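Descriptive analysis of the structure
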Amino acid sequence: MRPKALTRLALLATLSRQRARVIIAILLALLTLPALAAEPPAPPKAKAGTTCIESPSVMRRDHMEMLKHQRDDTLRLGIRGAKASLKGCVDCHSTTTAEGRPVPVNAEGQFCQSCHAYAAVKPDCFECHATTPAVKEAAR
Amino acid sequence: MTALSRRQVVLASGAVLITGPALARSPGAPASPANRWGLLIDTRKCAADCTVCVSACKAEMGLSGHDRPLTDAQYIRKIEVRDPVGGKLHSLPVMCQHCAKPPCVDVCPTGASMKRADGIVLVDRHICIGCRYCMMACPYKARSFAHEEQTGQQPHLPRGKGTVESCTLCVHRVDEGRLPACVEACAAKAKGAMLFGDLNDPASEIARRVASEATTRIRADLGLDPGVRYQGI
């Protein structure tokens, strides 16, 4: 290659590196802005004295997959007592009011809802699944 | 090492026999084709004005209505049939008949209508799209459709708007080795007209009675091989 072409190439390279930096800076700003605007979720604590079915970091990442596998195993194959039961999540992760009334686990600020509002996902599980643990009187 | 007693061997093998209609399946074990759960209903013990099974079912399943008998969810209903000759009246509870060849499963476009290995016919509501073909196909009118948003569900029976539902033979109880709610209530508060058990187990009371007494299936002419049998009609 001729030297003139080489210098032109080098110039192009620096230019695009600079441009890339600017673009990255803009992108970063765009990405972090909404995150800064919304408070990170602080889901309420689980039932005291229990441990989750996996470590919290695994749960945060994989709970949706676990639940989807479990629902097919339980409903279609009839496998009971497996660990990733939605009923189980509700048993440990729903809270009660000061008067001891159960709070739906998908209510504003509650365990499942707090994160999902932040992540902008809206699983429909609780259109069917009970949102509080058992012992509630049967519906009229 | 001391010799194991017979009892210890039986316990260790996991084949623990408990008295009761069914064995609670061990956690992690799937429903088995070795079982075929069924009901035997003696209509001679079923009074026309008795709705104990219907109320027990509603309470167990958390079925709330809107006072609209035509569309409210209903897993069991009482029907009356009169012999045109002589006028003898029979009253019988009709629920999902848990057919061995269920037409609802044949017509379902998504695979939501399904038969479990142990013969219990269910709706997998996770993939039900609410098309209601199954309701059309069922000759027993056993299925209901949830037209409204639901509240007050029981944790063991999720149910929601836009999906089809029906008698589950109380899978959540059967899997724990307990009796279906209607059977339990009929025995406790009425005349014990309903018998639940494993039709595949020759030693079970239901299989013995089916083998030795006259029993009928409703609409047997359709050849669907229902798991629910009746006596006295």
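Quick note: structure is the one above.
Residues numbered from 1 in each chain as written. Chains lettered and ligands numbered in written order. Predicted model: local features only at pLDDT ≥ 70, side-chain atom pairs only at ≥ 80, totals over all residues. Heavy atoms only, no water.

1. Observations concerning the overall build of chain A
Rules: A run of H or I in DSSP becomes a helix once it reaches four residues, and a run of E becomes a strand once it reaches two; helices and strands are each numbered from the N terminus. Here's how the labels work: a residue is buried when its accessible area is under 20% of the maximum for its type, exposed when over 50%, partly exposed in between, all with a 1.4 Å probe on protein chains only. Computed with the Shrake-Rupley method and a 1.4 Å probe, the accessible areas treat only the protein chains shown as cover for residues.
For chain A, the count of helices and strands is 4 helices and 2 strands. Beginning at the N terminus, the succession of helices and strands in chain A can be written as α-α-α-β-β-α. Counting over 140 residues, chain A shows a buried share of 17%. Accessible surface, chain A as shown: approximately 10,500 Å² in total, 64% of it carbon and sulfur.

2. Points about the environment of Arg77(B)
Residues and elements named next belong to chain B. Defined as follows: Throughout, a residue-residue contact means that at least one pair of heavy atoms, one from each residue, lies within 4.5 Å. Think of a polar contact as two N or O atoms within 3.5 Å of one another; within protein, one of them needs to be a possible hydrogen donor and the other a possible acceptor, and neighboring residues in sequence only count if both atoms come from side chains.
Assignment of secondary structure puts arginine 77 in strand β2 (residues 76-82). Note: C-alpha distance between arginine 77 and proline 93 (16 residues apart in sequence) is 5.6 Å. For arginine 77, the contacting residues outside a window of four places in its chain are Val54, Leu92, Pro93, Val94, Tyr140 and Lys141. A polar side-chain atom of arginine 77 sits 2.5 Å from the main-chain carbonyl oxygen of tyrosine 140.

3. A closer look at the pattern of salt bridges
Any two side chains of opposite charge can pair if their charged atoms end up close together. Keep this limit in mind: The working definition used for a salt bridge is a side-chain nitrogen of Lys or Arg within 4 Å of a carboxyl oxygen of Asp or Glu.
Throughout the structure, instances matching the rule amount to 20 salt bridges over all chains. Between Glu176(B) and Arg178(B) there is a salt bridge, and its shortest N-O distance comes to 3.0 Å. Its relative accessible area of 48% is what places Glu176(B) among the partly exposed residues. Through salt bridges with shared partners, a single network forms among Arg80(A), Arg25(B), Arg116(B), Asp118(B) and Asp175(B).

4. Regarding the packing of aromatic side chains
All names here are of chain B. Where we set the bar: Centres within 6.5 Å make a pair out of two Phe, Tyr or Trp rings, where for Trp the six-membered ring is used; the pair is then stacked when the planes are under 30 degrees apart, edge-to-face when over 60, and tilted otherwise. Definition used: whenever NZ (Lys) or CZ (Arg) falls within 6 Å of the ring centre and also within 35 degrees of the ring normal, the charge is taken to sit over that ring.
Going through the model one piece at a time under the given rule, you end up with 1 aromatic pair over all chains. When the centroid spacing of 5.4 Å and the interplanar angle of 20° are considered together, the rings of tryptophan 37 and phenylalanine 196 count as stacked. Taken as a pair, tryptophan 37 in strand β1 (residues 37-42) and phenylalanine 196 in strand β8 (residues 194-198) lie far apart in primary sequence, 159 residues in all. Across the pair, exposure class does not vary: tryptophan 37 and phenylalanine 196 are buried alike. Over the face of the ring belonging to phenylalanine 145 we find arginine 132, whose NZ or CZ atom lies 3.8 Å from the ring centre.

5. Some details on the side chain of Asp124(B)
By the secondary structure assignment, Asp124(B) is in the loop between β5 (121-123) and α4 (133-137). Assessed through its relative accessible area of 1%, Asp124(B) is described here as buried. Reaching out from Asp124(B), the side chain makes a polar contact with the side chain of Arg76(A) at a distance of 2.9 Å. Non-local contacts of Asp124(B), meaning those with residues more than four positions away in its chain, are made with Asp72(A), Leu75(A), Arg76(A), Ala112(B) and Met114(B).

6. Some points on the side chain of Ser91(B)
Residue and element names in this part refer to chain B. Inspection of the secondary structure assignment puts serine 91 in strand β3 (residues 89-95). The buried category is assigned to serine 91, whose relative accessible area is 4%. A polar atom in the side chain of serine 91 sits 3.1 Å from the side chain of lysine 78. Aside from chain neighbours lying at most four places away, what touches serine 91 is Thr43, Cys46, Ala47, Ala48, Lys78, Ile79 and Glu80.

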